[in-house]
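Results of the structural survey
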Amino acid sequence: MAAPLTLLLIVAVTIRAVLFRSSIAELISERVEVVSPLNAWKRVVEGLALLDLGVSPYAGDVFHETPLIIYFFHFVIDYAEIVFMMADTLTALALYFAVKDYNKIVFRKQKYALEADRYPLDCLELIRSPREMLYIPLKVAMFYLLNPFTILSCVAKSTCGLNNAVIALFILSTIKGNALMSAIFLALATYQSIYPLTLFAPALLYLLQRLYIPVNWRRPSFWLFLAQYVFMYLGSLGVMICLSFFLLNSWDFLSSVYGFILSVPDLTPNIGLFWYFFAEMFEHFRLFFICVFQINVFFYTIPLSIKLKEHPVFLIFMQIAIISIFKSYPTVGDIALYMAFLPAWNHLYRFLRNIFLVSVVLLACSALFPVLWHLWIYAGSANSNFYYAITLLFNVAQILLVSDYFYAYLRREHHLTHGLYLKRKDGSEATLVLK
Amino acid sequence: MPMILSHPRTSNFSLGRILNSVVCYLAGVMWFMGLAFEPFTLRTYMSENAMGSTMVEEHFPAGERALATGREFAAHKKKIGGMPVDWLVKTMESQGLEVFTQSFTRKLPFPDENKERYMVRGTNVYGILRAPRASRTEALVLSAPCSEGNSNNQAVGLLLGLARYFRSQVYWAKDIIFLVNEHDLIGMQAWLEGYHHTNTTGGDWSPLQGRGGSIQAALSLELSSDVITSLDLVLEGLNGQLPNLDLANLFHAFCQKIGVLCTIQGKLQRNDWESTSGYSHAAQTMMLMVLKQASGRAWGDHGLFLRYHIEAATIRGVNSFRQYKTDATTVGRLLEGMYRKLNNLLERLHQSYFFYLMPSLTRFVSIGYYMPAFGLLAGILLLRALDLWVQLGASAPGTEDGLAEREQASSPGVLSLLTPVVISHLTGVALYTLPIRSQEMAVQHFPVSETEAVVLTAIAIYTAGLALPHNTHRLLQGEGTEQGWRVLKLAALLYLAVLLGCTALINFSLGFILALSLVPIAAFITPHSPKYPSAVAMVLLSPGCTLLYCVFLFQELQEIPVSLHDGWMLFLSVISQGILDHSLYGSLVYPLLALLVYPCWLLLWNILFWK
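Residues numbered from 1 in each chain as written. Chains lettered and ligands numbered in written order. Predicted model: local features only at pLDDT ≥ 70, side-chain atom pairs only at ≥ 80, totals over all residues. Heavy atoms only, no water.

Rule in force here: UniProt positions are given in the numbering used here, feature names are shortened, and annotations may be inferred rather than shown by experiment.
In the nomenclature of an unreviewed UniProt entry, chain B corresponds to GPI-anchor transamidase component GPAA1 from the organism Umbra pygmaea. Under Function (unreviewed entry), UniProt gives the following word-for-word description of chain B: "Component of the glycosylphosphatidylinositol-anchor (GPI-anchor) transamidase (GPI-T) complex that catalyzes the formation of the linkage between a proprotein and a GPI-anchor and participates in GPI anchored protein biosynthesis. Binds GPI-anchor."

Per an unreviewed UniProt entry, chain A goes by Phosphatidylinositol glycan anchor biosynthesis class U protein and derives from Umbra pygmaea. Per UniProt, the comment on chain A under Subcellular location (unreviewed entry) is "Endoplasmic reticulum membrane". The Sequence similarities (unreviewed entry) comment attached to chain A in UniProt states, word for word, "Belongs to the PIGU family."

See below:
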């Protein structure tokens with residue numbers, strides 16, 4: 001498997017290198033779909049310039065990266081393109097190894113269950129074969145590296161690629177069972193953009209499952225591990241924040257980064273749901289709806305964690321997808337990360353209900369974004385409603401996609417315990433409904 | 001596997017499926033033709049309050065004097081053999097304008113045989129009348145071209161006359177810029193880019209020394225005779241962009257008020273919509289507009305303003321054999337009225353429609369009415385795609401027992417799908433880049449001029465693309481499967497649907513015309529359809545041939561039909577103009593056709609010859 005992976009990496013890096021050198025790189029880095037006020041390269045450069053002048057980079061309202069990122073780029077600014085290509089490669093490799101490990105575990109579990117005769121007889125066709133699973137890690141890496149969204153994001157030098165790399169490393173270390181690294185990377189991801197906080201729950205569930213500790217409030221071992229993990233997480237988060245403070249000697253970054261993410265002052269259009277809504281709203285209701293919108297991102301953690309507590313890796317996928325749909329400044333780079341996981345759920349394909357519709361809508365919307373932007377901003381013949389309509393449709397399609405996968409996953413699990421051909425009590429054929 | 005699939009294949013062309021596609025197609029075409037029927041269209045009305053409810057009076061008295069200035073201009077032009085810059089500067093200065101000049105040079109990628117130019121060198125002269133009543137943050141433009149030969153002298157004369165008269169009025173709240181541009185669109189492009197500090201097409205021009213405020217609206221005047229019988233309004237701009245409908249309304253309102261005959265597409269309004277000839281008149285007018293819009297060209301000097309979000313139109317004086325003549329004073333009064341109304345604007349024209357078709361000057365079809373016609377055509381593509389998807393899904397469970405088999409079948413599948421896609425697009429890239437790049441080589445080896453070389457190379461590459469399927473298959477070792485062409489066709493259908501949809505949003509006419517020709521072949525082409533008739537049908541409906549029909553149809557609608565040979569020559573010149581428009585002004589039609597539409601058509605061609 002090493003040869004195809006190497007080939008893939010070479011192809012991916014070549015495409016990026018060629019695009020970096022072409023004239024469209026500049027065009028891409030201006031697109032609102034690809035860069036947001038949070039991760040635009042232009043703003044990183046601005047922050048660096050301010051830093052070099054001895055001014056706080058957070059003076060003014062341009063720079064919203066974390067202090068660690070600015071110091072990181074302070075040293076590697078000359079190699080920025082290579083850094084971004086490396087970040088993508090790293091993400092892909094991390095996902096590759098993570099999914100490979102995960103598949104091994106899934107397969108082992110399946111074997112035990114088969115040996116214990118736990119599956120109903122008619123479910124044999126749902127059993128996954130090693131042959132079918134062989135190419136999945138490679139496909140995951142391919143989905144990430146060759147996804148046009150990732151390529152655009154990388155060519156625009158959006159720092160979203162770095163965040164993705166951190167999250168991918170977090171997933172890898174979690175799946176490898178390394179609690180310390182997992183906590184550190186999770187803290188780093190949280191430090192970068194707050195929202196990955198919701199990945200705490202799946203990581204904890206996964207690590208507990210790996211150590212065979214049941215999620216039970218009365219067991220001291222559960223509390224002990226929870227305390228350990230929380231301590232590692234908060235400890236490393238604290239270290240990072242203190243480090244940031246000592247680097248710049250001010251707490252400005254808290255309001256400029258986290259305040260900026262949470263209170264959404266910049267309403268530049270993007271592919272998310274916030275900008276139009278808050279541009280239209282009366283100032284009076286703003287605080288209330290900001291709270292509603294932000295709580296919305298975090299809220300799904302609770303029901304999903306309860307429903308998927310046996311399947312933490314799928315929960316990670318769901319959480320990443322929810323973050324990238326509902327976060328305040330989403331870009332296509334965020335979408336690319338969760339889309340990379342889709343090959344890992346290949347076996348759910350037969351239970352997906354509207355994958356065709358969703359993929360057509362996603363495809364059409366991706367093409368319509370620049371067209372409607374052109375009509376709105378350059379030609380002046382359309383207006384913001386056109387663009388927002390497409391944003392809305394794009395997000396609805398994403399939500400449908402995610403909920404479709406969720407339904408398919410639950411349905412497969414249901415069949416694995418209750419048999420494939422369900423009968424009602426009266427003997428007629430039954431169908432499953434997601435409630 | 002083929003055995004499993006043989007059953008769905010035979011039912012593939014069941015009558016129902018063909019029927020609903022045909023019905024959709026006919027419904028789309030009928031809907032489109034119905035748009036010209038008067039009861040289905042809306043009456044135009046002035047939406048902009050600032051222009052609708054206020055009264056202005058027109059007093060421009062000096063038509064004769066303007067014509068005299070025009071004659072003087074003509075004399076100087078003739079003496080110098082080009083734009084009389086010094087005379088223009090002196091005259092404008094004597095009228096109290098701030099006068100500036102801008103020189104520009106432009107080397108065309110290849111000689112333009114229609115206008116006989118290659119190395120273009122010229123000067124724009126413009127004078128700014130500063131607004132006495134407001135803070136000079138906004139401006140209006142009145143332009144007249146300084147053309148070769150004897151045309152448009154009266155336009156420049158009237159422009160200067162109006163400048164003199166406007167100068168003496170106190171009510172101007174916006175700067176008025178009087179611009180005389182040389183070499184029509186090339187000069188206009190240089191001036192606009194200089195004004196807005198952009199350089200999109202790599203022209204070489206000197207920076208502007210003086211500016212007014214941000215330009216709100218512009219009119220370009222073309223007038224070649226002392227008296228006129230009617231005024232024609234030209235709206236179509238670059239890439240099919242149209243000005244706000246209120247500008248057309250304004251023009252029409254003043255023509256009504258002052259009593260000037262006004263036309264659009266050179267066609268008068270008729271009131272007998274119940275009669276067949278009345279309907280066909282409206283349909284002709286609308287179709288002329290559709291063809292002009294689809295061409296993506298700027299059909300007057302105003303066309304480039306639209307790119308900068310400036311509402312603009314060209315007003316063209318027509319002198320035909322009608323009895324009823326209008327003199328220059330009346331035209332001057334009309335322009336005065338329009339500028340006074342535009343002067344009253346509080347914000348940019350935005351109240352009325354931007355997407356419309358006009359079957360006559362008083363009637364328009366808005367986007368909500370014409371989009372369904374396109375939607376019905378695009379719907380066929382989506383229906384066929386859904387159909388294919390279902391067929392693909394139906395054949396997949398057949399391999400439940402042999403998952404391993406499917407793995408093997410699908411891995412060369414990706415390659416066999418990707419190869420045609422990549423090769424078609426490379427052909428597209430060749431069609432886009434080679435004609436201009438290889439003109440020198442072609443001129444050395446063949447006895448043709450540069451322009452012919454470019455056009456003929458383009459046609460040659462276009463034709464050579466037809467040989468691709470055979471070579472594509474030679475590249476691929478394995479043979480294409482049933483599944484393979486279905487997936488490829490699914491991809492091509494979705495590609496085409498998205499492509500046409502996006503095109504129709506930017507330029508409805510282009511999208512609709514392409515849909516008319518491409519949808520039938522996209523819907524019905526399969527490797528099992530009879531080879532030769534299908535191949536002939538595909539070639540006849542290919543984008544290149546569509547362009548040829550459009551050329552003939554356009555001539556027919558303008559009531560100057562051409563012979564086959566002239567039509568062919570016209571077709572060649574249209575291609576060269578399209579390429580020139582792209583490299584000079586950034587028109588998108590040529591790259592769209594070469595880089596996207598043509599490869600898409602090649603994909604379908606590949607499916608027909610799938611082995």
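1. Let's talk about the overall build of chain B
Heads up, the condition is: For helices the rule is a DSSP run of H or I covering at least 4 residues; for strands it is a run of E covering at least 2, with both sets numbered from the N terminus onward. Taken over C-alpha atoms, the radius of gyration is set against a globule rule of 2.2 Å times the number of residues to the power 0.38. Note on exposure labels: buried denotes an accessible area under 20% of the residue type's maximum, exposed denotes more than 50%, and partly exposed covers the range between, all computed with a 1.4 Å probe on protein chains only. What makes two residues a contact is simply this: any of their non-hydrogen atoms within 4.5 Å. With residues, only the protein chains shown are counted as cover, and all accessible areas are computed by Shrake-Rupley using a 1.4 Å probe.
Within chain B one finds 21 helices and twelve strands. The C-alpha atoms of chain B give 28 Å as radius of gyration, which agrees with the globular expectation for 611 residues (25 Å, within 12%). Oriented by its inertia axes, the alpha-carbon framework of chain B measures out at about 90 × 60 × 50 Å. Within chain B, the fraction of its 611 residues that count as buried is 57%. Across chain B, contacts joining residues at least 24 apart in sequence account for 82% of those joining residues at least 6 apart. If you sum the accessible surface of chain B, you get close to 25200 Å²; carbon and sulfur atoms cover 62% of it.

2. Observations concerning the environment of A:Ala201
Residue and element names in this part refer to chain A. For Ala201, the position within the fold is in helix α11 (residues 200-210). Here the alpha-carbon distance between Ala201 and Pro330, two residues 129 residues apart in the chain, equals 22 Å. The contacts of Ala201, once residues within four sequence positions are left out, are Thr301 and Ser305.

3. Topic: the pairing of strand β2 (residues 98-112) of chain B
Residue and element names in this part refer to chain B. To keep it simple, the criterion reads: DSSP-based pairing: two strands are paired if at least 2 bridges between them are found.
The pairing of β2 with strand β3 (residues 117-129) spans eleven bridges and is antiparallel. Counted as the bridge partner of Glu98 is Ile128 from β3. As paired elements, β2 and strand β6 (residues 204-205) share two bridges and run antiparallel to each other. Bridged to Phe104 within β6 is Trp205.

4. Brief notes about the sheet that holds β6(B)
Residue and element names in this part refer to chain B. Read from one edge to the other, the open sheet built from nine strands follows the order β6-β2-β3-β5-β4-β7-β10-β8-β9, with strand pairing classed as mixed. Edge positions in the sheet fall to β6 and β9 (261-264), since each has one partner strand and no second. When β3 meets strand β5 (residues 175-182), the two strands line up antiparallel, connected through five bridges. Bridged to Ile128 within β5 is Ile177.

5. Topic: the interface of chain B and chain A
Rules: Buried area: the sum, over both parts, of the accessible surface (1.4 Å probe) that disappears when the two are put together. A pairing counts as a salt bridge when a side-chain nitrogen of Lys or Arg comes within 4 Å of a carboxyl oxygen of Asp or Glu. In protein, a polar contact means a hydrogen-donor-capable atom and an acceptor-capable atom, both N or O and within 3.5 Å, with residues adjacent in sequence counting only if both atoms are side-chain atoms; elsewhere, any N or O pair within 3.5 Å suffices. Three classes are used, and their members are as follows: Ala, Val, Leu, Ile, Met, Phe, Trp, Tyr, Cys and Pro are nonpolar, Asp, Glu, Lys and Arg are charged, and the others, Gly among them, are polar.
Listed by partner, the interface residues are 18 residues for chain B and 23 residues for chain A. With both sides pooled, the region where chain B packs onto chain A buries about 1800 Å², and carbon together with sulfur makes up 75% of that total. For the pair chain B and chain A, the number of links is zero salt bridges. Across the chain B-chain A interface, the total number found is one residue pair in polar contact (both at pLDDT 80 or more). Contributing elements (two or more residues each) for the side of chain B that touches chain A: α11 (367-395), α12 (403-437) and α16 (482-506) of chain B. The element best represented in the side of chain B that touches chain A is α16(B), accounting for six residues. Considered class by class, the residues forming the side of chain B that touches chain A number twelve nonpolar, three polar and three charged.

6. Let's talk about the pattern of salt bridges
Summed over the entire model, instances satisfying the criterion amount to 22 salt bridges over all chains. Between A:Arg21 and A:Glu81 there is a salt bridge, with its nearest N and O atoms 3.3 Å apart. Within this pair, whereas A:Arg21 is found in helix α1 (residues 2-21), its partner A:Glu81 is found in helix α5 (residues 80-115), the two being separated by 60 residues in sequence. Put simply, B:Asp184 and B:Lys115 hold a salt bridge, and the shortest N to O gap is 4.0 Å.

7. Considerations on a positive patch on the surface
Residues and elements named next belong to chain A. For the record, the criterion: Like charges are joined within 9 Å and nonpolar side chains (Val, Leu, Ile, Met, Phe, Trp, Tyr) within 5 Å, but only among residues with over 30% relative accessible area and no salt bridge; these make up the patches. In this charge count, Lys and Arg are treated as positive and Asp and Glu as negative; neither His nor the chain ends contribute. Throughout, a charge is located at the NZ atom of Lys, the CZ atom of Arg, the CG atom of Asp or the CD atom of Glu.
Taken together, the side chains of Lys100, Lys104, Arg108, Lys111 and Arg210 define a basic patch exposed on the protein surface. Here the element with the most residues in the positive patch is α5; it accounts for four residues. Examined against the element boundaries, Lys104 turns out to sit in helix α5.

8. So, the packing of aromatic side chains
Selection rule: Each pair of aromatic rings taken from Phe, Tyr and Trp, with Trp reduced to its six-membered ring, is defined by centres within 6.5 Å and is described as stacked if the planes are under 30 degrees apart, edge-to-face if over 60, and tilted in the remaining cases. Placement of a positive charge over a ring is assigned whenever Lys NZ or Arg CZ falls within 6 Å of the ring centre and within 35 degrees of the normal to the ring plane.
Following the criterion strictly, the structure yields 68 aromatic pairs over all chains and no others. An angle of 45° between the planes, with centres 4.6 Å apart, marks the rings of B:Phe166 and B:Trp172 as tilted. Across this residue pair, the class does not change: B:Phe166 and B:Trp172 are buried. Considering the side-chain rings of B:Tyr462 and B:Tyr598, the 4.6 Å spacing of their centres and the 25° angle between planes classify their relative orientation as stacked. Here B:Tyr598 lies in helix α21 (residues 589-608) and B:Tyr462 lies in helix α14 (residues 450-464), a separation of 136 residues in the sequence. Exposure class is identical for B:Tyr462 and B:Tyr598. Each is buried. Connected via pairs of aromatic rings, a cluster forms that spans A:Tyr102, A:Phe314, A:Phe317, A:Tyr338, A:Phe341, A:Trp345, A:Tyr405 and A:Tyr409. If you follow B:Arg211 out to its NZ or CZ, it ends over the ring of B:Tyr195, 5.9 Å from the centre.

9. Regarding α11(A)
All names here are of chain A. Among the eleven residues that make up α11, nine are buried, leaving the element largely enclosed by the rest of the structure. Residues of α11 that are buried: Phe200, Ala201, Pro202, Ala203, Leu204, Leu205, Tyr206, Leu207 and Leu208. Of the surrounding elements, those touching the buried residues of α11 are α5, α9 (160-176), α10 (179-193), α12 (220-248), α16 (301-307) and α17 (312-326). Where α11 terminates, the next one or two residues include Tyr212, which has phi positive at roughly 60°.

10. Some remarks on the environment of B:Tyr195
Locating B:Tyr195 in the fold gives a position in helix α7 (residues 184-196). One polar contact links the side chain of B:Tyr195 to the main-chain carbonyl oxygen of B:Gly212, over a distance of 3.0 Å.

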